[in-house]
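In case you want the letters, here they are:
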Amino acid sequence: NDVLIQVDMTQKILDQLIDKKIDLAIIESPIFLDNIIYREWTEDEMILFSNQPLPKSVRPEDLNSYNWVCREEESHTRRLMSEVFEEANIDCKSFDIRTTVTSPTAIKQTVLKAPKEGSQTVALISKQVVEDEVENGMLYCAKIKGLTFKRPFYVAYLKDRKHDAFIDKVTSFI
């Protein structure tokens, strides 16, 4: 079997699953539908990162000093970010959002190529997406003091494929 990896909004991915255009979905926020099985797969943590050194822990009051790259407002990633900031009484609408992008890869590439002079460019992203670049010194990460950005990821597939050998093999592998 060929493997196609596609990054998209949860609703679009689930629509493709229902239309049987894809076999399996990994999503961050389930939209519970009767004909789909959801299994919690892993927990993810989002971190602040930049192409310039950051302190290990950034103070919330310093967040307005950065240029931001963010996901689009409809994305679950952006909603999680907004909810966590809102709970901490941080108005992320006051951030200097320079770019809005539609995927984690676009966030990472935009920050990697951001100018290193002037205000520092940052974004929130899954720790796993940037771990190689952080290890190689190309990117730097930090936590935001007092805040945690954790979220579960789910594997989703159609109920009529519950005992399908391919689905079993893939879900066992990942």
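Scroll up to find the structure.
For the structure given in this document, a descriptive report is provided here. In this text, all values refer to a predicted model and were calculated from it rather than measured experimentally. (Residues numbered from 1 in each chain as written. Predicted model: local features only at pLDDT ≥ 70, side-chain atom pairs only at ≥ 80, totals over all residues. Heavy atoms only, no water.)

The next thing to look at is the overall build of the protein chain. Helix and strand counts for the protein chain come out as five helices and eight strands. Dimensions along the principal axes, computed over C-alpha positions, put the protein chain at roughly 55 × 35 × 25 Å. Considering the protein chain as a whole, with its 174 residues, one finds that 44% of them fall into the buried category. A fraction of 76% describes how many contacts in the protein chain between residues 6 or more apart in sequence connect residues 24 or more apart. Element-wise, carbon and sulfur atoms account for 48% of the exposed surface of the protein chain, whose accessible area totals about 10,400 Å². Distance between charge centres in the protein chain, computed from 23 positive and 29 negative side chains, equals 2 Å. (Helix = DSSP H or I, 4+ residues; strand = E, 2+ residues; numbered from the N terminus. Buried < 20%, exposed > 50% of the residue type's maximum accessible area, 1.4 Å probe, protein only. Contact = heavy atoms within 4.5 Å. Areas by Shrake-Rupley, 256 points an atom, 1.4 Å probe, with all protein chains shown as cover. Lys, Arg positive; Asp, Glu negative; His and termini not counted. Charge placed at Lys NZ, Arg CZ, Asp CG, Glu CD.)

Scanning the model with the defined rule gives two cavities of 30 Å³ or more in all. What the largest cavity holds in volume is close to 50 Å³. Forming the boundary of the largest cavity are Glu-45, Met-46, Ile-47, Leu-48, Leu-124, Ala-142, Lys-143, Ile-144, Leu-147, Thr-148 and Phe-149. Broken down by secondary-structure element, the contributors of at least two residues to the lining of the largest cavity are β2 (36-50) and β7 (140-144). Considering each element in turn, the lining of the largest cavity owes the most residues, four residues, to β2. Considered class by class, the residues forming the lining of the largest cavity number eight nonpolar, one polar and two charged. Looking at the second largest cavity, its volume works out to about 40 Å³. In terms of lining, the second largest cavity is formed by Met-46, Val-69, Cys-70, Arg-71, Thr-77, Arg-78, Met-81, Ile-107, Ala-123 and Leu-124. At the level of elements, β4 (67-71), α2 (76-87) and β6 (121-126) are the ones that each hand at least two residues to the lining of the second largest cavity. (1 Å grid on protein atoms, 1.4 Å probe; cavity = no way out; pocket = protein on both sides within 12 Å on 5 of 7 lines; lining within 4 Å. Points joined across faces, edges and corners; volume = space filled by probe spheres on them. Nonpolar A, V, L, I, M, F, W, Y, C, P; charged D, E, K, R; others polar.)

With that settled, the discussion passes to the layout of surface pockets. What the largest pocket holds in volume is close to 1,400 Å³. Ile-5, Gln-6, Val-7, Ala-25 and Ile-26 are, among the 43 residues lining the largest pocket, the residues nearest its centre. Looking at the lining of the largest pocket residue by residue, the class counts come to 22 nonpolar, eleven polar and ten charged. When its volume is computed, the second largest pocket comes out at roughly 220 Å³. In terms of lining residues, the second largest pocket is bounded by Glu-73, Arg-78, Arg-79, Ser-82, Glu-86, Ile-90, Asp-91, Cys-92, Lys-93 and Ile-97. Take the lining of the second largest pocket: its biggest share by element is four residues, from α2. In terms of residue class, the lining of the second largest pocket is made up of three nonpolar, one polar and six charged.

Distances and angles like these do not, on their own, reveal function.
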